[in-house]
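Each chain, letter by letter, is given below.
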Amino acid sequence: MSGRVGDVSPKQAEALAQFRENIQDILPSLPAQHDHFLLRWLRARNFNIQKAEAMLRKHVEFRKHMKADTITTDWQPPEVIERYLTGGICGYDKDGSPIWYDVVGPLDPRGLLLSASKQDFLKAKVRDCERLQRECKRQSEQLGRHVESITMIYDCEGLGLRHLWKPAVEAYGEVLTMFEENYPEGLKRLFVIKAPKLFPVAYNLIKHFLSEDTRRKIIILGGNWQEILLQYIEPDQLPACYGGTLTDPDGDPRCKTRVKYGGEVPQSYYVRVSIKQQYEQTLCISRGSSQQLEYEILFPGCVLRWQFASEGLDIGFGVFIKTKVGERQKAAEMVEVVPSQRYNAHLVPEDGSFTCQDPGIYVLRFDNTYSILHSKKISFSVEVLQSDNGSVSKAQEPKGGAGEELAASSQ
């Protein structure tokens, strides 16, 4: 039995009755009290009454903290979020469920997180969830049947390395956790369209935030994505840019009055220059020397991601691939894939990433050869993001460390 109204087993019906009895004290504070709503929490915890009750009680506290009951009317997000956070509700699928569009490519995660607090970002997502819940309720009233879940279309065109920025992934992970814990069974299906080669890497970074049930609802479409979408959505409910006939009143095929497409956030919105990081390792680089960190990449398409900060003064940094395995090579003997340059990482922490198109030994090189006076202390984190099995390899202990070149200038 599915555990939905009209399709419950005697044991599930008994669990529902006991669940309702157990939560009598919080029932009036819930956004809905009907069986459809309560069954969502039981299904999310496989009809374990104790776990479902704990989950729902935690949700009540969440609603109080976020002021979820009035967030759609009383809370005004910062202008930068209103303008540059992408997505929106547009149309309904053939079952009458609202459709939410997430447009990844134009999203500027760094700009948003440097311009607004993470709490504002989370509240904006709570507001979106509450809007979708209210839209489901309106659809239920209009159609005369219960609508409780949504269809999502995740447009990955333009997904790039900037979207793998660690603070952005962590913030998005918090959003997914919030969704899983507070809006269970709210997703009917999620279509991923126009996914680039980088998508498996990005997905592996966030999939551990998703329940197994949510993962099963994700459908990655290929080149015939428009045809597939039209099997679930009528043409007049699908924006023309996605293969339907729906447009804005002015004929815009992207329906920009309903779906926000974001864009690069102007620096005039920035309220901070960096996001505070927790680094995993430190090393000291002697004056006139360099330090190499080696990472073996076994499969093409893996991504090297790094963050580092220096104390007191700047530091040089570059990425290379070795031409000989099993022996230390100087910078001039390797192939440079990320050009070496000096970074003011003592003022603003640096971060970056690189997609490794070829297997091999990649070397992250911190360069202090130009300094004849000062040693440098570096705090850093490095990860190898893999697309084949979803694992994330942490930085190993640095190898080498002897000076490569004579000091060229004082620092």
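Residues numbered from 1 in each chain as written. Predicted model: local features only at pLDDT ≥ 70, side-chain atom pairs only at ≥ 80, totals over all residues. Heavy atoms only, no water.

> How should I be thinking about the environment of K123 in this particular structure?
Within the fold, K123 resides in helix α7 (residues 118-143). C-alpha separation for the pair K123 and Q24, spaced 99 residues apart in sequence, amounts to 28 Å. Dropping the residues within four chain positions of it, K123 is found in contact with M66, I71 and W75. (Helix = DSSP H or I, 4+ residues; strand = E, 2+ residues; numbered from the N terminus. Contact = heavy atoms within 4.5 Å.)

> Looking at this structure, I do not really get the nonpolar core. What am I missing?
One recurring pattern in soluble globular proteins is that nonpolar side chains are buried together. Counting residues in each nonpolar core, the largest one holds 27 residues, and the members touching the most others are I150, M152, Y154, L164, L190, V192 and I206. Within the residue set of this core, elements represented by two or more residues are α7, β3 (150-155), α8 (166-182), β4 (187-193) and α9 (199-206). Element by element, the count of residues in this core is highest for α9, at 6 residues. When sequence neighbours within four positions are dropped, the list of residues in contact with I150 reads S97, P98, W100, L132, C136, G186, L187, K188 and R189. (Core = buried A, V, L, I, M, F, W, Y, C linked by side-chain atoms within 4.5 Å. Buried < 20%, exposed > 50% of the residue type's maximum accessible area, 1.4 Å probe, protein only.)

> Would you mind going over helix α11 (residues 225-232) with me for this structure?
In an α-helix, one turn spans 3.6 residues, which is why side chains three or four residues apart end up on the same side. Those residues of α11 not exposed but buried are W225, I228 and L229. Around the axis of α11, the buried residues are gathered within 100 degrees of arc, so they sit on the same side. (Arc of directions from axis to C-beta.)

> What's the story with the state of the cysteines in this structure? I'm lost.
One way to say it: the disulfide is the covalent bond shared by the sulfur atoms of two cysteines. Counted according to the given criterion, the structure contains 0 disulfides. Free of any disulfide, C90 has its nearest neighbouring cysteine sulfur in C255, separated by 4.2 Å. Here C302 is not disulfide-linked; the sulfur of C356 is the nearest cysteine sulfur, at 6.8 Å. (Disulfide = S-S within 2.5 Å.)

> Would you mind showing me how to read the pattern of salt bridges here?
Here the idea is simple: oppositely charged side chains can pair when their charged atoms come close. On inspection of all chains with the given rule, the structure shows 32 salt bridges. In this structure, D69 engages R63 in a salt bridge whose closest nitrogen and oxygen atoms are separated by 2.9 Å. Judged by relative accessible area, D69 falls into the partly exposed class, the value being 45%. R63 gets classed as buried once you look at its relative accessible area, which sits at 6%. Among the salt bridges present, the one from E212 reaches R215, with a minimum N-O distance of 3.5 Å. Of this pair, E212 and R215 are both found in helix α10 (residues 212-216), 3 residues apart, which corresponds to roughly one turn of the helix. With relative accessibility at 25%, the residue R215 sits in the partly exposed group. Each of the salt bridges in this network shares a partner with another, and the network as a whole consists of R4, R43, E148 and E185. (Salt bridge = Lys/Arg side-chain N within 4 Å of Asp/Glu carboxyl O.)

> Can you help me understand the packing of helix α1 (residues 10-22) against helix α3 (residues 49-66) in this one?
The packing of two helices is summarised by the inter-axis angle and the distance between the axes. α3 packs onto α1 with a crossing angle of 40 degrees between their chain directions and a minimal axis gap of 10 Å. By the angle between their axes, α1 is oblique relative to α3. The two elements α1 and α3 meet at a crossing, and its hand is right-handed. From α1, A15, Q18, F19 and N22 reach across to α3, where they touch I49, A52, E53, L56 and R57. Residues belonging to the contact of α1 with α3 are distributed by class as follows: 5 nonpolar, 2 polar and 2 charged. (Axes fitted to C-alpha atoms, helices over the stretch in contact; angles between N-to-C directions. Parallel < 35°, antiparallel > 145°, perpendicular 65-115°, else oblique. Left-handed = near helix turned anticlockwise from the far one by under 90°. Nonpolar A, V, L, I, M, F, W, Y, C, P; charged D, E, K, R; others polar.)

> Is there a simple way to think about the packing of aromatic side chains in this case?
Describing an aromatic ring pair means giving the distance of the ring centres and the angle of the ring planes. In total, this model carries 15 aromatic pairs according to the counting rule given. Plain terms: the ring middles of Y84 and Y269 are 5.8 Å apart, the flat faces sit at 70 degrees to each other, and that makes the pair edge-to-face. A residue pair is termed long-range when its members are at least 10 positions apart, and Y84 in helix α5 (residues 79-84) and Y269 in the loop between α11 and β6 (281-285) qualify at 185 residues. On the basis of relative accessible area, Y84 is assigned to the buried category, the value being 14%. Relative accessible area serves as the criterion here: at 18%, Y269 is assigned to the buried category. Three or more aromatic residues link up through ring pairs in this structure, and these residues are W306, F308, F317, Y343, F366 and F380. The lysine or arginine in question, R110, covers the ring of W165, its NZ or CZ lying 4.5 Å from the ring centre. Directly above the ring of Y261 sits R254, whose terminal nitrogen or CZ lies 4.9 Å from the centroid. (Phe/Tyr/Trp six-rings, centres within 6.5 Å; stacked < 30°, edge-to-face > 60°. Lys NZ or Arg CZ within 6 Å of the ring centre and 35° of its normal.)

> Explanation requested: the environment of D93 in the structure shown.
With respect to the element layout, D93 can be found in the loop between β1 (88-92) and β2 (98-103). Taking the C-alpha atoms as reference, D93 lies 6.9 Å from E234; in sequence the two are 141 residues apart. Ignoring sequence-local partners within four residues, the contact set of D93 consists of I99, T151, K188, R189, Y232 and I233. A distance of 2.8 Å separates the side chain of D93 from the side chain of T151, its partner in a polar contact. Engagement of the side chain of D93 in a polar contact is seen with the side chain of K188, the distance being 2.8 Å. (Polar contact = N/O pair within 3.5 Å; in protein donor to acceptor, adjacent residues only side chain to side chain.)

> How should I be thinking about the sheet that holds strand β9 (residues 315-321) in this particular structure?
What the 4 strands build is an open sheet, ordered β7-β12-β9-β10; its pairing is antiparallel. A single partner strand is all that each edge strand has here, and the edge strands are β7 (290-297) and β10 (335-343). The mean angle between the axes of side-by-side strands here comes to 15 degrees, regardless of whether they run parallel or antiparallel. As paired strands, β7 and strand β12 (residues 360-367) are joined by 8 bridges and run antiparallel to one another. Of the residues in β12, the one forming a bridge with E296 is I361. (Pairing = 2+ DSSP bridges.)

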